[in-house]
Amino acid sequence: MIEKFTNKLSLRILLGLFVLVSFALLFTFFVLFQTFNVYLFLVVVLGTALGWVFFEDSAAKTLLFIASTSAGTILVLIAVFLFLRGFPAFQRDPIFFLTGSEWHVYREIYSLGPMIWGSIIVTFGATIIAAPMGVSSAIFIAKFSPKWLRSILKPAIELLAGIPSVVYGFIGFILLNSAIMDYFDISNMGQYFAPSIILGIMALPTITSVAEDAIDAVPEHMEKGALALGVTKWQAIKEVTLPSASSGIMAALILGIGRALGETMAVTMMIGHKTAFPSPLFDIFDPGETLTSLIASQIGEASGQAVEALMGAGLLLFLIVFVLSVTSRIIQSRLQRRFRRG
Amino acid sequence: MVPLTKGKTNLREIREKEKIDISTEAAVEIRNLDVYYGKERAIKNVSLDILKKKVTSLIGPSGCGKSTLLRSINRMNDLVDGARVEGTIAVDDRDIYSKDVQVSKLRQKVGQVFQKPNPFPKSVYDNIAFGPRAYRHHLRKEKGVFSSFKGIFRREERSPIDGRPMDQVVRDSLEQAALLDEIEEKLHESAIDLSGGQQQRLCIARCLATKPEIILMDEPTSSLDPISAGRIEDLIEELSQEYTVLIVTHNMQQAARISDRTALLWLGELIEMGKTEALFEKPEKEMTEKYITGRVG
Amino acid sequence: MSPVDENISETSVVDKLFVSVEGKLMRRLMLALWLVMGMVFLAISTLTAIWPNFLSNVVISTLGAFLLVAVGLTIVAFKLLKEYQPPMIHFLLSLFLIAFSGVVFLFFPNHGLEIPALEGDVTPQLATISLFFIVTFATVWTGLLFYWENPAHNRQLAVQYFTWVSVAIPLGVLTFFIVYTIMEGSSVITWDFISSASDLMRGEIGIFPAIMGTFSLIIGATVFAVPLGVGAAIFLTEYAKRGWIKQAVGVTADCLWSTPSIVFGLFGYVFLVPRITGHSTLLAGQIILAAMLLPLTIATSTEAITAVPDEFRNGSLALGASKWWTIRRVVLPSSVPSIVTGVLLGVGRIAGETAPIMLIAVASHTNAPNFFSLSPPYFHLGPLFSEVDALPYRLYSIYKAGVGGSIHEAWGTAMVLIALVLMFYGLGISIRSYYRRNRGW
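Residues numbered from 1 in each chain as written. Chains lettered and ligands numbered in written order. Predicted model: local features only at pLDDT ≥ 70, side-chain atom pairs only at ≥ 80, totals over all residues. Heavy atoms only, no water.

Broken down by element type, chain C carries 15 helices and two strands. Looking at chain C as a whole, 51% of its 441 residues are labelled buried. Within chain C, counting contacts between residues at least 6 apart in sequence, those at least 24 apart form 75% of the total. Carbon and sulfur atoms form 69% of the exposed surface of chain C, whose accessible area is close to 20,700 Å². (Helix = DSSP H or I, 4+ residues; strand = E, 2+ residues; numbered from the N terminus. Buried < 20%, exposed > 50% of the residue type's maximum accessible area, 1.4 Å probe, protein only. Contact = heavy atoms within 4.5 Å. Areas by Shrake-Rupley, 256 points an atom, 1.4 Å probe, with all protein chains shown as cover.)

When you go through chain B residue by residue, the secondary structure sums to eleven helices and ten strands. A burial count over chain B gives 55% of its 297 residues as buried. When contacts within chain B are restricted to residue pairs at least 6 apart in sequence, long-range pairs at least 24 apart make up 69% of them. Element-wise, carbon and sulfur atoms account for 46% of the exposed surface of chain B, whose accessible area totals about 14,100 Å².

In this structure, Ile78, Leu112 and Tyr168 of chain A are the most contacted members of the largest nonpolar core, which totals 203 residues. Ranked by size, the runner-up nonpolar core spans 34 residues in total, among them Cys207, Ile232, Ile236 and Ile247 of chain B. (Core = buried A, V, L, I, M, F, W, Y, C linked by side-chain atoms within 4.5 Å.)

Further remarks concern the interface of chain C and chain A. Facing 88 residues of chain C, the contacting portion of chain A comprises 84 residues. Our enumeration of links across chain C and chain A arrives at three salt bridges. The closest approach of N and O atoms between Glu56 of chain A and Arg328 of chain C, which form a salt bridge, is 2.6 Å. Summed over the shared surface of chain C and chain A, the result is eleven residue pairs in polar contact (both at pLDDT 80 or more). It is helix 5 (residues 152-185) of chain C that provides the largest number of residues to the side of chain C that touches chain A, a total of 21 residues. (Salt bridge = Lys/Arg side-chain N within 4 Å of Asp/Glu carboxyl O. Polar contact = N/O pair within 3.5 Å; in protein donor to acceptor, adjacent residues only side chain to side chain.)

This next bit is on the sheet that holds strand 6 (residues 110-113) of chain B. Note: strands within a sheet are paired through backbone hydrogen bonds, in either parallel or antiparallel orientation. Residues and elements named next belong to chain B. Strand order across the open sheet formed by six strands is 6-7-8-3-9-10, with mixed pairing between neighbours. Each end of this open sheet is capped by a strand with a single partner; those strands are strand 6 and strand 10 (269-275). When strand polarity is set aside, the average angle formed by the axes of neighbouring strands in this sheet is 15 degrees. Bridge count between strand 6 and strand 7 (residues 214-218): four bridges; the pairing is parallel. Bridge pairing in strand 7 places Val113 opposite Met217. Packed on one face of the sheet, helix 7 (residues 196-208) meets strand 6 and strand 7 and runs near 170 degrees to strand 6. Contacts from helix 8 (residues 226-239) reach strand 3 (55-59), strand 7 and strand 8 (244-248), with the element oriented near 160 degrees to strand 7. (Pairing = 2+ DSSP bridges. Axes fitted to C-alpha atoms, helices over the stretch in contact; angles between N-to-C directions.)

A volume near 2,000 Å³ is recorded for the second largest pocket. Around the second largest pocket, the lining is made up of 50 residues, and of these Phe23, Leu26, Phe27 and Ile66 of chain A together with Leu228 of chain C lie nearest the centre. Taken together, the elements giving at least two residues each to the lining of the second largest pocket come down to helix 2 (8-33), helix 3 (38-54), helix 4 (56-68) and helix 5 (70-92) of chain A together with helix 7 (208-239), helix 9 (261-275) and helix 10 (282-306) of chain C. (1 Å grid on protein atoms, 1.4 Å probe; cavity = no way out; pocket = protein on both sides within 12 Å on 5 of 7 lines; lining within 4 Å. Points joined across faces, edges and corners; volume = space filled by probe spheres on them.)

Even without a glycine there, the phi angle at Gln34 of chain A is positive, about 55 degrees. When its relative accessible area of 39% is taken as the criterion, Gln34 of chain A is described as partly exposed. Notably, Arg75 of chain B is not glycine yet its phi reads approximately 60 degrees, a positive angle. Note on placement: Arg75 of chain B falls in the loop between helix 2 (66-73) and strand 4 (83-91).

Quick look at the packing of helix 8 (residues 243-258) of chain C against helix 10 of chain C now. All names here are of chain C. The N-to-C vectors of helix 8 and helix 10 enclose an angle of 130 degrees; their axes lie 8 Å apart at closest approach. The orientation of helix 8 relative to helix 10 falls into the category oblique. Note on packing geometry: the crossing formed by helix 8 with helix 10 is left-handed. Across from Ala253, Leu256 and Trp257 in helix 8, the residues of helix 10 making contact are Ala291, Leu294, Pro295 and Leu296. Partitioning the contact of helix 8 with helix 10 into residue classes produces seven nonpolar, no polar and no charged. (Parallel < 35°, antiparallel > 145°, perpendicular 65-115°, else oblique. Left-handed = near helix turned anticlockwise from the far one by under 90°. Nonpolar A, V, L, I, M, F, W, Y, C, P; charged D, E, K, R; others polar.)

Residues and elements named next belong to chain C. Their axes nearest at 7 Å, the elements helix 7 and helix 14 (residues 391-400) cross at an angle of 135 degrees. Relative to helix 14, the element helix 7 is oriented oblique. Every residue of helix 14 that contacts helix 7 at Ala210, Ile211 and Thr214 is listed here: Leu391, Pro392 and Arg394.

Residue and element names in this part refer to chain A. The grouping of Phe36, Val38, Phe41, Leu42 and Val45 at the surface amounts to a nonpolar patch, some 450 Å² of accessible area in total. Structurally, Leu42 is set in helix 3. For Leu42, a relative accessible area of 48% translates into the label partly exposed. (Patch = residues over 30% accessible without salt bridge, like charges linked within 9 Å, V, L, I, M, F, W, Y side chains within 5 Å.)

A cluster of basic residues, Lys61 of chain A together with Lys241, Arg242 and Lys323 of chain C, forms a positive patch on the protein surface. Residue position: Lys61 of chain A is located in helix 4. (Lys, Arg positive; Asp, Glu negative; His and termini not counted. Charge placed at Lys NZ, Arg CZ, Asp CG, Glu CD.)

Here the focus is the side chain of Ser196 of chain A. Residue and element names in this part refer to chain A. Tracing the backbone through its elements, the reader meets Ser196 in helix 10 (residues 193-217). On the accessibility criterion, Ser196 (6% relative accessible area) is buried. Aside from chain neighbours lying at most four places away, what touches Ser196 is Ile121, Val122, Gly125, Ala126 and Ile129.

What follows covers the packing of aromatic side chains. Under the defined criterion, the tally for this structure stands at 24 aromatic pairs over all chains. Geometrically, the ring pair formed by Phe318 of chain A and Phe322 of chain A is tilted, given 6.1 Å between the ring centres and 35 degrees between the ring planes. Taken together, the positions of Phe318 of chain A and Phe322 of chain A, both in helix 15 (residues 305-341) and four residues apart, correspond to about one turn of that helix. Residue class for Phe318 of chain A comes out buried when judged on its relative accessible area of 4%. Among the aromatic residues, those joined into a cluster by ring pairs are Phe30, Phe36, Phe41 and Phe81 of chain A together with Phe267 and Phe271 of chain C. Lying over the aromatic face of Tyr36 of chain B, Arg84 of chain B brings its terminal NZ or CZ to 4.4 Å of the ring centre. Over the ring of Trp325 of chain C we find Arg329 of chain C, and its NZ or CZ is 4.4 Å from the ring centre. (Phe/Tyr/Trp six-rings, centres within 6.5 Å; stacked < 30°, edge-to-face > 60°. Lys NZ or Arg CZ within 6 Å of the ring centre and 35° of its normal.)

Here chain B averages 83 in pLDDT, and 86% of its residues register 70 or above. Across residues 1-9 of chain B, where pLDDT falls below 50, the model places 20 contacts with residues more than four positions away in sequence or in other chains. (pLDDT = per-residue confidence, 0-100.)

With that settled, the discussion passes to the environment of Gly63 of chain B. All names here are of chain B. Along the chain, the position of Gly63 falls in the loop between strand 3 and helix 2. For Gly63, a relative accessible area of 77% translates into the label exposed. Through-space distance from the C-alpha of Gly63 to that of Trp266 is 8.7 Å; in sequence the pair is 203 residues apart.

So, on to the pattern of salt bridges. All names here are of chain A. Under the counting rule described, the total for this entry stands at 28 salt bridges over all chains. Residue Glu212 pairs with Arg150 through a salt bridge whose shortest N-O separation is 2.8 Å. With Glu212 in helix 10 and Arg150 in helix 8 (residues 147-162), the pair connects residues that are 62 residues apart, well separated along the chain. By relative accessible area, Glu212 is classed as buried at 2%.

All names here are of chain C. Counting buried positions along helix 14 yields nine of ten residues, so the element is predominantly enclosed. Along helix 14, the positions that sit buried rather than exposed are Leu391, Pro392, Tyr393, Arg394, Leu395, Tyr396, Ser397, Ile398 and Tyr399. Directly beyond the C-terminal end of helix 14, a positive phi value near 100 degrees is found at Gly402.

All names here are of chain C. Helix length check: helix 12 (residues 323-351) (29 residues) gives 36 Å between terminal C-alpha atoms against 42 Å at 1.5 Å per residue, more than 12% under. At Val336, helix 12 shows its maximal bend, which comes to roughly 50 degrees, and the proline Pro337 appears one to four places after that position. Most of helix 12 sits inside the fold, with 21 of its 29 residues counted as buried. (Expected span 1.5 Å × (residues − 1). Bend = angle between axes of the 7 residues up to and from the residue.)

Below, the discussion takes up the sheet that holds strand 2 (residues 40-51) of chain B. Residue and element names in this part refer to chain B. Ordered by their spatial adjacency, four strands build an open sheet running 2-1-4-5, and the pairing between neighbours is antiparallel. The sheet is open, and its two borders are formed by strand 2 and strand 5 (94-95), each paired with just one other strand. Sheet analysis places strand 1 (residues 26-37) next to strand 4, joined by eight bridges and oriented antiparallel. The partner of Arg31 across the bridge, within strand 4, is Thr88.

Okay, here's the thing in structure tokens:
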């Protein structure tokens, strides 16, 4: 019995369990009771160090496993805390909250209808711009461009995604907003139209890079087989490559829509911040508000029920984007499975 | 040297119990070996012995399980998804598939040279010192934590395997692999820049630096030009004075030139095994004769 | 001749007839359309010459420009490109148009584009926007033209042209944004602007605290995110045997990546702020930015580690190295360049994030975080628990306060921010291309 416990294997497991339990306690205290227990933290650090010195392999494996759960942990924490703070807003009157037409901070009337509608309009506009351009530029990069050009274009598209959204918003605000005001002879500064254009450009790199991966993943021999039958390259692409990559392109579009929907700063800086439905409903030159810009512009000064309502808006956004990205993931993995089989 | 396993399975006892006659000089004893990949049976009931300090070659058509057999001797098959081994393989009379075997220790003792030269993207020196440095790790397990820190303040690095200076180990290994003269100037340059033949000899030197007893070679010359291949063959003949060499090849001339004993595998089964001259000149089985004369395969 | 052959030849003849009829028809339709449009244009311009207020100048100038380009392209298309021509001409054409719009915008900022036939001043913004539309319009126009001009290789050309333009437009916009920001911002950028704080009393502006704040935010985020992300990637590629673990982590990383930045901000606001001092802190900002950087790090590191050939792993394991030793000494060193590239690109992306830190980490016109001092204890953790300024937030707060007075400061800040992002991207991409060229496998 004693021998068994002094065995190195048992020592290793005991130490591991001890450190894991202390870590779990530390984490639980932090999340539930808002305290950061320094002693537990020291125990964890010391235990990890000991484990590393004595049982490097197992310690490494355990640490790596914990690291691999980090993304999931953060996601769960986001979901839980947004739910806790945002659900009361839904609970009071879910139908009014989602479809009502008023948001008055002073009168304490909160409904997200106009903002949801605004998000839909802006995202739709952005998709109209980004989808055809994104997909066709993906086709160009994957199929038509020579190799040297490709090695320039791909990082350039990446860079397009890297320009900060606040810079897009600023340039859009200075140039596009006033230009559209002059051009269409409108008296108000922000509308749905201008942010749609900028969002289209911002969502484009996402679509391009994912769609390009999808097109690239189609085995080349499929297209070569078509070419060998004497069709032109475009015919081969149209008849063979694009249908095979269609689900990947679909996933790219969904991701692009998610990007446009969740984009905050550019919209906040360019939109008119009027929390009401446009009239008529499809007037894209009316000032308006989207879910993201509502949160960004009002959370700083909000209190009480307004915070709950804004958290509700955040929860709604999170859920929509979550569903979108899971959908695109499912589509993508189905695509991969098909090529692995074929 | 530290014993390979602390295991209890002693093949010699089993052998005595089952009254199997076997030469005592075997370095590797394979008994009733079956290897499965998923449901496919790649090796079917193979039993053979690999003699100490001899070159044994495995021949047979491609896909007949030569490489699988080779890989199961140093348990590299463990890395293949869905691979499963039944039967026993004994190295130094210990069953290497028993639970308490330290696989990495086994692999240090049974070195492998791959079909495609695979030097690490490091300098020549670091490539050769890699195996001994990795061994420091075992010391920690066997002799306690502090043994692995022993000598870290010594200016000169020493090999944990036999305590010789690392420079010495590197030079000796390179010399044994007949490579020292060619690349003495380039010891600290990247191994990737060497030619294919030099890379393969570097891989052999790398393997020798860990002080193996058995060296497994999986078609070591098939990706090389004839001149480099010839040098590797010469090298193998020299190595056989000190090491047990098992070589997989599909080149029958090569098997005839360099090996003392030859085994023919066919669709996962052992057809015939014997002295190379005997096997090539008057084979016992009809199948062997057909294969050697090129009428099948 | 066998019946089968007859059948084939028959259909092919019909096919040919149909095709040529369609082609002729389309060509005639197009010609008619152009003729009508040209007449309308003529009529409108005559009417305007007689009666200046006939239509607003804006409409005329746009229409006119559209028509000019359309007619020009038509002529070019019919005369030059009817026979096979290399697609380069199309590319050059669209490049020229884009460059032209840029040049007009940049070099005629006050006068705009003056087309003698069209009265009224065309503002630079207007010129750019109309040229943007012209390029799109011309693209569709020539695209359709070539698509209907029947031979298959023309369709190919049309598609090539169209796809090329749809790459060129966003890149043109990108170039334009960068160049325009540099032109507006470079007049503000001085050494004092970068290296000192604003002094409101003396009316001096400087963004040094914002630069330092941004750097401490991203350094902290990298320190938190990289070990977790790389560790997760190692576990997924080297240890996780079952597919569902990989799938699960992949899905969560995807979701985390596409979660809107403002949602991260809200999360930090309800989760981190109450747990760290109760007000905005640098540490909270670092943690939230790390959460945003994490999925990118996981994705790029997984890709980098998967790209390390199995021969290296096998070679190391066959020498008797343990698994962890193999990972640490062979797998990680071989994949470090790609991981670094991925992290740099990710850092370039989070450096400009405003929404998440807006609520939890920043305040304008604070001092630069100062971790070091010349007297003991030399190193302080204090700044971690206080607010900082950050470049993107500085830009946003200028916007919020009204751009009027401090437009130059805003452009200068935007330029420094873009330069920072460009620096990270440039560094990342050059490391990647260098190692792609020089790695040994």
